[in-house]
Each structure stands twice: as C-alpha cells, then as structure tokens.
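This is what each chain is made of:
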Amino acid sequence: MSGGERTFIDACLTRAVALYLAQNTGRRFDTLFSDEADGPLDPEHKRMFMAMKREVLQLGGYRQEFFITQTPHLATMADAIIDLDAMQAEPRAGIDASDR
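Residues numbered from 1 in each chain as written. Predicted model: local features only at pLDDT ≥ 70, side-chain atom pairs only at ≥ 80, totals over all residues. Heavy atoms only, no water.

A.B. asks: Would you mind going over the packing of aromatic side chains with me for this structure?
C.D. replies: Aromatic ring pairs are described here by two measures, namely the spacing of the ring centres and the angle between the planes. This model, assessed by the stated rule, comprises 2 aromatic pairs. Relative to F66, the ring of F33 lies with its centre 5.7 Å away and its plane at 15°, an arrangement referred to as stacked. Of this pair, F33 sits in strand 1 (residues 31-35) while F66 sits in strand 2 (residues 64-68), and the two are 33 residues apart along the sequence. Of the residues examined, F33 reaches a relative accessible area of 62% and is grouped as exposed. The exposure class of F66 is partly exposed, given its relative accessible area of 38%. (Phe/Tyr/Trp six-rings, centres within 6.5 Å; stacked < 30°, edge-to-face > 60°. Helix = DSSP H or I, 4+ residues; strand = E, 2+ residues; numbered from the N terminus. Buried < 20%, exposed > 50% of the residue type's maximum accessible area, 1.4 Å probe, protein only.)

A.B. asks: Can you help me understand helix 1 (residues 3-24) in this one?
C.D. replies: With 22 residues, helix 1 extends 31 Å from end C-alpha to end C-alpha; this agrees with the ideal 32 Å at 1.5 Å per step. Buried within helix 1 we find G4, T7, F8, A11, R15, A18, L19 and A22. The buried residues of helix 1 occupy an angular sector of 100° when the element is viewed end-on, so they sit on one face. Turned more than 90 degrees off the buried face of helix 1, the exposed positions are L13 and Y20. In this structure, the buried residues of helix 1 make contact with strand 1, helix 2 (43-60) and strand 2. In the segment just after helix 1, G26 is the residue with positive phi, at about 80°. (Expected span 1.5 Å × (residues − 1). Arc of directions from axis to C-beta. Contact = heavy atoms within 4.5 Å.)

Spelled out as structure tokens, the structure:
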C-alpha cells in the first residue's frame, strides 16, 4: 500500500474504534483530535478524508474535531480556523524581548 492508503485506512480504523466505543460503552466524548494525518494524501483523497471526518462526527454525536493540517484547501473546509501564525505574542510592558 502507498503511504496515502495506509494513512486513510489508519484514520478510518481509528474512527471506527471511536464510533464503536461511543455506541457501546456508555462513555461520551465530545471532541476528536488529529494531527496532520492528511499529509500523504492526494487532493481527491484529501476531500474524501474530510467527508469521512464529517460523517464520523455526525454518526458518533461528536461536537467537534480539532485537526492540524498544512493543506490550505482543507483548512478552508473547516468550520473555524485557529491560525497560530497569526497569534503573535506581544511583549508585556517592562519586559524586553531578550528577557523571553
């Protein structure tokens, strides 16, 4: 299998386990997390990946998924974006930048 295929299958299996646990253990989780899992996927599979994520959220009754991506197109498909690059820490009064 290619790296993209392994990534997609791994993400599907992980979410299948999460769905199973949500439906059969009585424990509820509101949030899922993933970190740059879309990297090795081609553009078409990235779109499929996002569709799968949304379907799992709906099926499992999850409120949200926080995911990290370097793919601008996937970021625009998110309901909200937290752009860490845009969050520049400003020095507090009396603290020199060299003190940090």
